[in-house]
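Fold and geometry: a report
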Amino acid sequence: MTGTLAAPPPTRSSVPEPLLEVRGLIVRFRTHDGTIHAVNGISFDVARGERLGLVGESGCGKSVTNLAIIRLLPKPAGRIEGGTVSFDGQDLVRMDESDVREIRGRDIAMIFQDPMTSLNPVLTVEEQMIETIVAHRKLSKNEARARAVELLGMVGIPQPEKRLKSFPHQFSGGMRQRVMIAMALALEPKLMIADEPTTALDVTIQAQVLELISRLTTETGTSLILITHDLGVVAGMTDRINVMYAGFIVETATTGDLFETPSHPYTVGLLHSMPRVDDREGEPLIPIEGRPPDMRNAPTGCPFAPRCAWRLEACWTDNPALAPLVPGVAVVATGQGATHLIACHNPPTRDEADAGRPTRAGHTPAPAPAGQLDELASLAAIAGHPDGEGPA
Ligand SMILES: Nc1ncnc2c1ncn2[C@@H]1O[C@H](COP(=O)(O)OP(=O)(O)OP(=O)(O)O)[C@@H](O)[C@H]1O
Ligand code: SF4
Ligand SMILES: [Mg+2]
C-alpha cells in the first residue's frame, strides 16, 4: 500500500469489448423466514479474455451473483427481481430455459468448490468427458476420446489414457478438480466461472490448481470469474477485482490499483486481516470487527456502517453509489485502464489505509441512530470500554 493516492487510471487506446454485461442485478430469496436481499442492484462487465476476481466475506452474494448469471438459482426461493445480464449480446435473464442450458453447456463453464457435486459418481471420467464433448461439438466418439486424453494431459493428469477409465472417487481431491477443469475446457467456453475452486484442497495443491486455471484460461483466451473470500488468491490470478459486501459491489479496480490504493474501509479491513507476503509481512493481523448484516433487512444507509470506523452521520441513512475514486474521470469498465470505483462517503486516506484505522484528528465514528445495530459500540461495550477507546 504505497505510491500516489488516487492517480487517474491510465487510458487504453482500445477498450476491450465486454463479453458479459451485468446491469442492476437484483436477486432475492423469498423464504419462510423473510426475504433475503442477496444481491442488491450490482453492475459490472467482463471483457473477452479478462480475469475478474469476486471477493468478500461469506454470505456477501458472490455465489448467488454467478448462479443468477447462469440461471441456476435454487428454485423456487431464488429469483432475479431486477436488472439485465447480457452475454455475448444475448439477454440471459429473459432467455428460454432450454437456450440458457445450451449456453451453460457450451459457452459458460463452471467449476465449484467440491468437484464431486459436478461429476457423476457412477460414470467413468471417459464416459462423462465423451458425453460432454459430443453433446456440444461435432466430433465422433473416437475423436472425443482423443480430445479427452489430450485435455487430461493438459491439466497434468499422469497416464491420461489409463486414468480416463477411472471413476471420480478413484481420484484424489486435487486430481478430481483437475478433471473438472479438463471437462470445463473441453467445451472451449468463452467464460469460466470458478467458485472457490480450491477451498476443499490441501494448501500445497491449491496453488497448483489455481496456477493451472490461470494459465489455461490465459492460453485459451477464456474469460474468468474467480470467486473467493481470500484476497490473497486473486492477487496473482486476476486482472480486476470486485469487492462485494452485503450484496453490493463496494469497490472495483484493476488488481494492481486495488492492492496499491485500497480505498473502501471494507477492502482496507480485508487487506489488514489477511497474511501478507510483501514488505508488510509480519505485521499483526487485524480482523474486521463485527459481523456482516442480516440480509433479511432491506438495506438502509451504507451496509458497512455498523462495522466502519470511518462512518459519518450520513452513512447511517444514505447508501453511497459506486463512483470514481477520482471524481469526474470518465468511467472505463474493463481492461488495464479500468476506472477505480468505490461506494463510500468518507474513504480512508493513504496513511489511514496503511494504518488500517482512521488517524485524522478529531474523528470518531458517528453513533448509530436509535434502533440501529452498532457493532463497534457493542464490541467496545463487551470489552468494557463503552467509549470505544481501548486501554493505552
Ligand atoms: N437457497 C437459499 N435460500 C435462502 N437464502 C440463500 C440461499 N442461497 C443463498 N442464500 C443467501 O444469499 C446470501 C448470499 O449468499 P451467497 O451464497 O451468494 O454468499 P457467498 O458470498 O457465496 O458466501 P460463501 O463465501 O460462504 O460462499 C446469503 O445471505 C445467503 O444466506
Ligand atoms: S465511511 Fe460511511 S460509506 Fe464509507 S464504508 Fe464507512 S460507513 Fe460506509
Ligand atoms: Mg459462495
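Residues numbered from 1 in each chain as written. Chains lettered and ligands numbered in written order. Predicted model: local features only at pLDDT ≥ 70, side-chain atom pairs only at ≥ 80, totals over all residues.

A short note on the overall build of the protein
As a reminder of what qualifies: Comment: elements are numbered from the N terminus, with helices defined as DSSP H or I runs of at least four residues and strands as E runs of at least two. For this measure, only C-alpha atoms enter the radius of gyration; the expected value for a globule follows 2.2 Å times N^0.38, where N is the number of residues. The exposure label follows from counting other C-beta atoms within 10 Å of a residue's C-beta, where the C-beta atoms are placed from the backbone and the thresholds are 20 or more for buried and 12 or fewer for exposed, leaving partly exposed in between. Two residues qualify as being in contact provided that their C-beta atoms, derived from the backbone, are within 7 Å of each other.
For the protein, the count of helices and strands is 12 helices and 12 strands. A compact globule built from 392 residues should have a C-alpha radius of gyration of about 21 Å, and the protein, at 22 Å, falls within 12% of that. Overall, the C-alpha framework of the protein stretches about 75 × 45 × 45 Å when taken along its three principal axes. A burial count over the protein gives 42% of its 392 residues as buried. When contacts within the protein are restricted to residue pairs at least 6 apart in sequence, those whose partners lie at least 24 apart make up 68%.

Notes on the sheet that holds strand β9 (residues 240–245)
In plain terms, the rule: One bridge is not enough; two strands pair if DSSP finds at least two bridges between them. Lines are fitted to the C-alpha atoms to define the axes, a helix being fitted only along its stretch in contact, and any angle between axes, read from their N-to-C directions, falls within 0 to 180 degrees.
Here we have 8 strands laid out as an open sheet, ordered β6-β7-β8-β3-β9-β10-β12-β11, and mixed in their pairing. Because the sheet does not close on itself, it has two edges, and the strands there are β6 (108–111) and β11 (323–324). Bridge analysis of strand β3 (residues 51–55) against strand β8 (residues 223–228) gives 5 bridges, and the strand direction is parallel. Bridge pairing in β8 links glycine 53 to leucine 226. Along the sheet, helix α1 (residues 62–69) contacts β3, β7 (191–195), β8 and β9; its crossing angle with β8, the most-contacted strand, is approximately 145°.

A closer look at the site of ligand 1
Put simply, the rule is: Defining nearness, a residue is near a molecule or strand when the C-beta atom obtained from its backbone falls within 6 Å of it.
Around ligand 1 lies a shell of 17 residues, among which Ala38, Ser58, Lys62, Ser63 and Val64 are the nearest. Secondary-structure elements contributing two or more residues to the shell around ligand 1 are β1 (18–31), β2 (34–47) and α1. Broken down by element, the shell around ligand 1 gets its largest block of residues, 3 residues, from α1.

Let's talk about the pairing of β8
Counting buried residues along β8, 6 of its 6 residues qualify, which places the element largely inside the surrounding structure. Judged by which residues are buried, β8 turns out to be covered on both faces: Ser223, Ile225 and Ile227 on one side and Leu224, Leu226 and Thr228 on the other are all buried. Sheet analysis places β7 next to β8, joined by 5 bridges and oriented parallel. Each residue of the ladder has a partner; that of alanine 194, found in β8, is leucine 226.

Focus on helix α4 (residues 141–154)
Selection rule: What a helix is expected to span follows from its residue count: subtract one and scale by 1.5 Å. Think of it as the arc spanned by the lines of direction from the helix axis to the C-beta atoms.
Its 14 residues place the ends of α4 20 Å apart at the C-alpha level, agreeing with the 20 Å of an ideal helix rising 1.5 Å per residue. Restricting attention to buried positions, one finds in α4 the residues Ala144, Ala148, Val149, Leu151 and Leu152. Buried residues along α4 cover an arc of 165° about the axis, so they all sit on one side. Of the exposed residues in α4, those oriented more than 90 degrees away from the buried face are Asn142 and Glu150. Along its buried surface, α4 packs onto α3 (125–136), α5 (160–163) and α6 (173–186).

A few points about α1
Within α1, 7 of the 8 residues are buried, which leaves the element mostly enclosed by the surrounding structure. Where α1 is concerned, the buried positions are Lys62, Ser63, Val64, Thr65, Leu67, Ala68 and Ile69. Immediately beyond the C-terminal end of α1, within one or two residues, lies arginine 71, with a positive phi of roughly 55°.

Some points on the confidence of the model for the protein
Any segment with low pLDDT has predicted coordinates that should not be analysed in fine detail. Selection rule: For every residue, the predictor assigns a confidence score, pLDDT, that lies between 0 and 100.
Averaged over the protein, the pLDDT score is 89; the fraction of residues at 70 or greater is 92%. Contacts from residues 388–392, a stretch scored under 50 in pLDDT, to residues over four places away or in other chains number 5 contacts.

Structural notes on the packing of α3 against α4
Cut-off, in case you're wondering: By the definition used in this description, the sense in which the near helix is turned from the far one sets the handedness, with an anticlockwise turn below a right angle giving left-handed and a clockwise turn giving right-handed. For this classification, the nonpolar set comprises Ala, Val, Leu, Ile, Met, Phe, Trp, Tyr, Cys and Pro, the charged set comprises Asp, Glu, Lys and Arg, and every other residue, Gly included, is treated as polar.
Closest axis-to-axis distance for the α3/α4 pair is 9 Å, and the angle between their directions is 115°. Here the hand of the crossing between α3 and α4 comes out right-handed. Residue-level contacts link Glu126, Met129, Ile130, Ile133 and Val134 of α3 to Lys141, Ala144, Arg145, Arg147 and Ala148 of α4. For the contact of α3 with α4, a count of residues per class yields 6 nonpolar, no polar and 4 charged.

Describing the packing of α6 against helix α7 (residues 203–220)
Which entries qualify depends on this criterion: These descriptions rest on fixed angle ranges, namely under 35 degrees for roughly parallel, over 145 for roughly antiparallel, 65 to 115 for roughly perpendicular, and the rest for oblique.
Between α6 and α7, the shortest axis-to-axis distance is 10 Å and the interhelical angle comes to 10°. Classified by the interaxial angle, the pair formed by α6 and α7 is roughly parallel. Judged by residue contacts, Gly174, Gln177, Arg178, Ile181 and Leu185 of α6 engage Ile205, Val209, Leu212, Ile213, Leu216 and Thr220 from α7. For the contact of α6 with α7, the per-class residue count stands at 7 nonpolar, 3 polar and 1 charged.

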